Amino acid sequence: MKLYSVLLLYPDYATENYGQDTYYVYVCAETPLEASRIAQEEAWKATGGSVQDQEDFAVLGVWEGHNPIVYSEE
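(A) Representation of the nonpolar core within the structure. Core analysis: the largest hydrophobic core is formed by 12 residues, namely Tyr4, Val6, Leu8, Tyr23, Val25, Val27, Ala29, Ala35, Ala39, Ala43, Val51 and Phe57. Of all elements in the fold, only strand 1 (2-9), strand 2 (22-29) and helix 1 (32-46) reach the threshold of two or more residues within this core. When residues in this core are grouped by element, the largest group, 4 residues, is from strand 2. Once residues lying within four places of it in the same chain are set aside, the contact partners of tyrosine 4 are Val25, Tyr26, Val27, Ala29, Glu30, Thr31, Pro32, Ala35, Val62, Trp63, Glu64 and Gly65.

Rendered as structure tokens:
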């Protein structure tokens, strides 16, 4: 198993800020595709049912390893 960093986009119906609301998670998986599916399931569970289907989260990127996102506050 490998560690993957996965970035997902919330579906348009689940946010008022479509295109900006993302979900970023680290998962253990055998392949990038499996990592995407695991991340989508985790994101779906985190919404508590406000997203209809876990596949509604669009996969924006999958990277092998732990890749922290750096946020800048201006």
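(B) A look at the side chain of glutamine 40. Mapped onto the fold, glutamine 40 is located in helix 1. From its side chain, glutamine 40 meets the backbone oxygen of phenylalanine 57 in a polar contact 2.8 Å long.

(C) Looking closely at the sheet that holds strand 1. Taken in spatial order, the 3 strands of this open sheet run 2-1-3, and their pairing is antiparallel. Each end of this open sheet is capped by a strand with a single partner; those strands are strand 2 and strand 3 (58-64). The average undirected angle you get between the axes of adjacent strands in this sheet is 25°. Seen against the sheet, helix 1 touches strand 1, strand 2 and strand 3 and runs at an angle of roughly 130° to strand 2.

(D) Highlighting the packing of aromatic side chains. All chains considered together, the criterion is met by 2 aromatic pairs. Ring centres of tyrosine 24 and tyrosine 26 lie 5.6 Å apart, and the angle between their planes is 80°; this geometry places the pair in the edge-to-face category. For tyrosine 26, a relative accessible area of 33% translates into the label partly exposed.

(E) Spotlight on the pairing of strand 1. Burial within strand 1 is extensive, with 6 of its 8 residues counted as buried. In the sheet, strand 1 pairs with strand 2 via 8 bridges, with the strands oriented antiparallel. Its bridge partner being in strand 2, leucine 9 is matched across the sheet by threonine 22. Sheet topology note: the strand 1/strand 3 ladder contains 6 bridges and is antiparallel. Bridged to leucine 8 within strand 3 is valine 59.

Conventions used here
Per-chain numbering applies: the sequence of each chain, read as written, is numbered from 1 onward. The predicted origin of the model limits local features to residues at a pLDDT of at least 70 and limits the giving and counting of side-chain atom pairs to 80 or more, whereas totals for whole chains, interfaces and linings rest on all residues. Computation of side-chain values covers all heavy atoms of the structure but excludes hydrogens and water. Joining through side-chain atoms within 4.5 Å is the link that ties buried Ala, Val, Leu, Ile, Met, Phe, Trp, Tyr and Cys residues into a set, and such a set is a nonpolar core. Each residue's exposure class comes from its accessible area (1.4 Å probe, protein chains only) as a fraction of the maximum for that residue type: buried when under 20%, exposed when over 50%, partly exposed otherwise. Secondary structure follows DSSP: runs of H or I at least 4 residues long count as helices, runs of E at least 2 residues long count as strands, and numbering of each begins at the N terminus. Whether two residues touch is decided by their heavy atoms; if any such pair falls within 4.5 Å, the residues are in contact. Distance and chemistry together define a polar contact, namely a pair of N or O atoms within 3.5 Å, with one atom able to donate a hydrogen and the other to accept it when in protein, and with adjacent residues in sequence counting only for side-chain atoms on both sides. Here the rule is simple: two strands pair whenever DSSP picks up at least two bridges between them. Here the axes come from fitting lines to C-alpha atoms, over the contacting stretch only for helices, and the angles between their N-to-C directions go from 0 to 180 degrees. Between 30 and 60 degrees the pair is tilted, below 30 it is stacked and above 60 it is edge-to-face, where a pair is any two Phe, Tyr or Trp rings, Trp via its six-membered ring, whose centres lie within 6.5 Å.

By themselves, these figures tell us nothing about what the structure is for.
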